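# Results of the structural survey
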Amino acid sequence: MAQEKDDTQKKKAKSQKDTKGSKPFFTDERIKFIAGIFITGLALYLLVACISYLFSWKADDSLLNSDVLSGAGVQVQNWGGKFGTFVARYLMAYGYGYGALFIPPVLGVAGLAMLKLPRIRPGKLAVKFAFAAILVSLISGFLFGHAGGYLKSGPGGAHGYFIAEWLRSFAGTIGAAGIITVFTAAYLIFALKVKPASFAILLKPLKLFALFRLPRRKAAKPPQSKTANGMNNNVETETETETAAVLQDDEKGDISFTVIKPVYNAGNEDEGSDEDNDEQEAEKAGGIVHDFDSDLRPPDSSAPPSTNMDIPLNIISKPHALDILDDDEIVHSSGNYDPRLDLSRYKFPPVSILKDYKADAAFDNTEILDNKENIIKTLGDYKIGIKSIAATIGPTVTLYEIVPERGVKISRIRSLEDDIALNLSAIGIRIIAPIPGRGTVGIEVPNKKPEMVSMKSLVTSKTFQESKFDIALALGRTITNEPYIVDLTKMPHLLVAGATGQGKSVGINTIIASILFKKHPSELKLVLIDPKRVELPLYSKIERHFLAKLPGEEDAIITDTQKVINTLNSLCIEMDNRLELLKAAQSRNIKEYNEKFISRKLNPEKGHKYLPYIVLIIDEFADLIMTAGREIEGPIGRLAQLARAIGIHLIISTQRPSANIITGFIKANFPTRVAFRVFSSVDSRTILDATGADRLVGRGDMLISSGNEPVRVQCAFVDTPEIEELTEYIGAQQGYPDAMHLPEYVDDSESGAAEVDLRKRDSMFEDAARLVVQHQQGSTSLIQRKLSIGYNRAGRIIDQLEAAGVVGPFEGSKAREVICADFISLEHILKNLE
């Protein structure tokens with residue numbers, strides 16, 4: 001038995017091995033490319049044969065016999081030869097007549113799809129050509145019958161002739177004409193993408209006639225509904241609502257309490273009153289429509305504040321994400337001339353790689369109602385009356401917006417933060433008093449069952465797909481369940497901080513995934529620094545597509561401290577080179593420069609080139625500061641101050657939000673900051689200059705500050721298997737020969753004039769000397785750019801110029817001093833060297 005099991009296992013292993021060995025043959029890109037060329041050529045051949053058959057059918061039909069394919073003495077007039085005559089006869093005479101001219105394009109579309117030509121949708125084109133062949137055959141058969149030859153089947157072929165005759169016998173001539181007309185119109189609407197709204201143009205004369213003939217009527221007022229206090233409420237008709245529950249107060253029996261889940265219709269733009277328009281604007285702004293007038297009591301200073309439970313909760317809303325696009329609706333535009341032509345066959349990763357995490361339980365309003373009562377009771381215990389309260393349910397927290405009675409100090413509500421948290425038995429109560437632009441006080445209460453925000457729901461959202469941002473980052477969803485999409489170029493740098501295990505690494509993966517789904521490899525490069533050595537190596541598979549590194553380095557993911565220093569200094573060199581290019585092109589930023597380069601206004605022979613964005617990501621900044629503080633702070637400071645204009649952006653993450661790590665200099669140059677949960681208000685103030693991060697609940701709950709009031713966002717979740725599949729999909733495609741090479745950094749302080757032998761001067765030494773004297777700038781990057789040489793060679797020339805006395809010694813980040821004031825002194829030095 002054991003021997004039989006071993007034999008069985010060997011056979012299975014052999015079969016699996018054979019399967020794995022045969023799979024690459026069918027999935028090989030070269031095989032697909034060759035097959036595409038063959039099928040496209042065959043389609044062109046058949047099209048030529050069919051066109052030629054229109055002129056040579058009379059002469060060739062008499063020769064079609066058993067020898068047409070074998071007889072050497074038979075000559076046909078068809079351009080496709082004997083085989084073309086034979087196939088064209090069956091396609092046109094026995095088939096679809098003139099409609100057969102659309103059959104070879106169906107085959108050609110399949111070939112072009114295998115060649116992976118851009119903007120080719122083979123499925124839709126094939127369907128359009130196939131229906132065109134059928135309709136043209138049917139119309140020709142109906143109009144011309146069997147006239148004109150083609151074995152007496154007519155220009156519509158056998159198909160068109162017999163179908164048209166059957167329609168005549170079934171519905172008569174008029175009925176058959178009507179049927180064919182309807183099908184033709186339907187096809188044209190489908191093929192030409194004619195919108196039904198365009199037919200309204202034909203109805204304009206009728207509409208004008210009706211306006212002049214019919215008397216005008218005043219618009220009817222919307223129906224009124226009364227609250228328990230006798231005040232009128234306008235019934236909202238423009239927002240589709242789904243009533244979840246209607247409860248009645250058991251004690252008084254006259255206060256209705258409605259729980260509503262609105263489903264917003266973005267396309268509903270009917271005309272209405274000014275009040276309706278205001279409600280729509282408020283709805284767009286925050287996802288909530290407040291109707292505070294419905295339950296306002298007349299102001300009475302002598303009346304005691306409301307402390308009972310009869311305050312109705314106007315709206316309990318849970319906005320739904322209705323802006324999700326299907327996979328076939330997501331189109332990655334290739335733009336005009338682009339550096340994308342270098343990798344023209346690159347395919348953006350499909351969204352099917354990502355997982356969609358659904359909520360385990362449906363919406364339950366019991367928790368919301370209990371919290372509402374506890375909030376009213378707590379405020380009433382401290383003699384704080386409120387007019388109304390509304391709730392919006394987010395993925396992680398629920399926002400309760402209250403309108404206090406007139407004369408109530410906001411500071412009193414803010415001071416009750418801990419008391420409300422105690423009564424609600426919740427962790428992480430956060431009070432926003434007041435909410436900017438709303439005129440309400442917000443109380444954020446964590447949900448007992450938080451929902452997970454999937455990365456797929458953000459990538460497929462309409463907001464992300466249609467965003468015009470240069471570097472769009474999909475970070476998560478707000479409390480109103482709206483996608484939070486930001487532009488990294490407007491930040492321009494991002495600081496991410498928080499305690500260990502609160503979601504920083506997932507946030508970094510979310511940022512990188514946003515870039516990979518939106519940008520082409522030629523448009524953006526990543527410089528990844530990971531001192532922890534465990535988070536970012538997942539992206540090593542996309543080295544030849546999206547990563548940048550120093551020349552000669554094997555690993556593009558930088559983990560060694562000394563290599564980090566060299567990389568940062570190399571980025572400073574790249575920054576200086578780009579600034580010189582922008583100066584020569586008279587451009588203020590990288591966007592203007594690239595637009596000029598794309599429009600052929602800059603000459604590549606003068607050193608100009610397309611400049612991709614560069615995003616520097618440091619996963620653990622605190623470790624670098626501890627190991628090489630001063631050597632790290634210098635280049636980081638220069639990049640933070642100057643690199644924005646030339647397309648270099650920094651994303652720094654740290655789990656130690658202390659003052660010696662996040663210094664005042666870093667905070668000044670990183671206006672946009674993301675704070676995950678921290679364990680003290682001091683750390684929150686260090687990151688955001690305000691409290692609040694210590695009130696978060698963790699697991700991706702974060703505050704994003706960009707100089708205004710922090711926005712609470714639930715970070716999107718992307719798991720490690722999703723990142724692995726994403727990088728494998730990109731890495732399996734054709735890429736560049738190697739990662740983008742940054743300028744090689746040479747520490748000038750380690751080289752000196754004593755090591756230079758002037759007898760072995762560079763062949764471009766004199767040209768470089770005259771260039772330096774002319775510009776009065778002893779810069780390595782100047783020599784590199786003007787003489788079109790590498791950085792290492794330019795560095796050796798600058799050392800030779802120092803030894804010859806043309807330029808002064810190394811002065812850090814500044815350019816060297818030029819000792820020679822004019823060309824006369826320079827010629828004297830050059831003559832002495834001979």
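Note that the structure is a prediction, hence the values are computed from the model and not measured.

The subject of this paragraph is the overall build of the chain. Check the secondary structure of the chain and you find 26 helices and 20 strands. Out of the 834 residues belonging to the chain, those deemed buried represent 45%. For the chain, restricting intrachain contacts to residue pairs at least 6 apart in sequence, the fraction spanning at least 24 positions comes to 67%. Just so you have it, the chain exposes about 44,100 Å², and 55% of that area is on carbon and sulfur atoms.

Extensive coverage of strand β11 (residues 483-487) is indicated by the burial of 5 of its 5 residues. Burial along β11 is two-sided: the face carrying P483, I485 and D487 and the face carrying Y484 and V486 are both buried. What sits between strand β10 (residues 472-478) and β11 in their antiparallel hairpin is a turn of 4 residues, with N481 showing a positive phi close to 65°.

Helix length check: helix α3 (residues 81-96) (16 residues) gives 21 Å between terminal C-alpha atoms against 22 Å at 1.5 Å per residue, within 8%. For α3, the principal kink sits at R89 and spans about 30°. All of the buried residues along α3 are G84, T85, V87, A88, R89, M92, A93 and G95. G97 lies just past α3 and shows a positive phi near 60°.

In total, this model carries 26 salt bridges according to the counting rule given. A salt bridge links R793 to D762, with the nearest nitrogen and oxygen atoms 3.0 Å apart. Of this pair, R793 sits in helix α25 (residues 791-804) while D762 is found in the loop between β20 (740-741) and α23 (765-775), placing the two residues 31 residues apart along the sequence. A salt bridge links E802 to R816; the nearest nitrogen and oxygen atoms lie 2.7 Å apart. Of the two residues, E802 sits in helix α25 while R816 sits in the loop between α25 and α26 (823-833), which places them 14 residues apart along the sequence. Across the pair, R816 and E802 agree in class, each one buried. Among the ionic contacts, a cluster of salt bridges with common partners joins R430, E444, D701, E709 and R712.

On to the packing of helix α14 (residues 504-518) against helix α22 (residues 720-731). It is the contact of α14 with α22, at a shortest axis distance of 12 Å, that shows an interaxial angle of 30°. Viewed along their axes, α14 and α22 adopt a mutual orientation that is roughly parallel. Relative to α22, the crossing made by α14 is left-handed. Only I723, L726 and I730 of α22 make contact with α14, whose side of the interface consists of N509, A513, L516 and F517. Here the residues of the contact of α14 with α22 are counted per class, giving 6 nonpolar, 1 polar and no charged.

Across all of its chains, the model carries 4 aromatic pairs by this definition. Seen in terms of ring centroids, W166 and F170 are 5.1 Å apart; in terms of plane orientation they differ by 5°. Their pairing is stacked. Of this pair, W166 and F170 both sit in helix α6 (residues 157-192), separated by 4 residues, roughly a single helical turn. Put simply, the rings of Y346, F348 and F546 pair up and form one aromatic cluster. Residue placement shows K518 over the ring face of F464; its charged tip is 5.2 Å from the ring centre.

Bringing the confidence of the model for the chain into the picture now. The predicted coordinates of low-pLDDT regions are not to be read in fine detail. The pLDDT averaged across the chain works out to 76; a share of 73% of its residues lies at or above 70. Mean pLDDT across the secondary structure elements of the chain bottoms out at strand β3 (residues 240-248), with 37, and peaks at strand β15 (residues 613-618), with 96. Across residues 17-23, confidence stays below pLDDT 50; counting only partners more than four residues off in sequence or on other chains, it has 0 contacts. Residue range residues 206-308 is modelled with pLDDT below 50. Its contacts to residues more than four positions away, or to other chains, number 143 contacts.

Strand order in the open sheet made by the 9 strands is β11-β10-β19-β18-β17-β12-β16-β15-β13, with mixed pairing throughout. On the outer flanks of this sheet lie β11 and β13 (524-529), each paired with one strand and no other. Strand-to-strand twist of the sheet, defined as the mean angle between neighbouring strand axes without regard to direction, takes the value 30°. Bridge count between β13 and β15: 6 bridges; the pairing is parallel. Across the sheet, residue L526 finds its bridge partner in β15, namely V615.

Looking now at the side chain of S781. Among the secondary structure elements, S781 is positioned in helix α24 (residues 780-786). A distance of 2.8 Å separates polar atoms of two side chains, one belonging to S781 and the other to S779.

Turning our attention to the side chain of N577. Take N577: it is sitting in helix α16 (residues 561-585). Its relative accessible area of 13% is what places N577 among the buried residues. When sequence neighbours within four positions are dropped, the list of residues in contact with N577 reads P743, S781 and Q784.

What follows concerns the pairing of strand β9 (residues 441-446). By the criterion of burial, β9 is predominantly enclosed, with 6 of the 6 residues buried. Alternating residues of β9 divide into V441, I443 and V445 and G442, E444 and P446, and every residue in both groups is buried. Here strand β7 (residues 397-404) runs beside β9; their pairing, made up of 6 bridges, is antiparallel. Looking at the pairing, T398 lines up with V445 of β9.

In this structure, Q502 sits in the loop between β12 (494-497) and α14. Under the relative-accessibility criterion, Q502 is labelled buried at 9%. A polar side-chain atom of Q502 sits 3.4 Å from the main-chain carbonyl oxygen of T500.

About the cut-offs
Residues numbered from 1 in each chain as written. Predicted model: local features only at pLDDT ≥ 70, side-chain atom pairs only at ≥ 80, totals over all residues. Heavy atoms only, no water. Helix = DSSP H or I, 4+ residues; strand = E, 2+ residues; numbered from the N terminus. Buried < 20%, exposed > 50% of the residue type's maximum accessible area, 1.4 Å probe, protein only. Contact = heavy atoms within 4.5 Å. Areas by Shrake-Rupley, 256 points an atom, 1.4 Å probe, with all protein chains shown as cover. Pairing = 2+ DSSP bridges. Expected span 1.5 Å × (residues − 1). Bend = angle between axes of the 7 residues up to and from the residue. Salt bridge = Lys/Arg side-chain N within 4 Å of Asp/Glu carboxyl O. Axes fitted to C-alpha atoms, helices over the stretch in contact; angles between N-to-C directions. Parallel < 35°, antiparallel > 145°, perpendicular 65-115°, else oblique. Left-handed = near helix turned anticlockwise from the far one by under 90°. Nonpolar A, V, L, I, M, F, W, Y, C, P; charged D, E, K, R; others polar. Phe/Tyr/Trp six-rings, centres within 6.5 Å; stacked < 30°, edge-to-face > 60°. Lys NZ or Arg CZ within 6 Å of the ring centre and 35° of its normal. pLDDT = per-residue confidence, 0-100. Polar contact = N/O pair within 3.5 Å; in protein donor to acceptor, adjacent residues only side chain to side chain.

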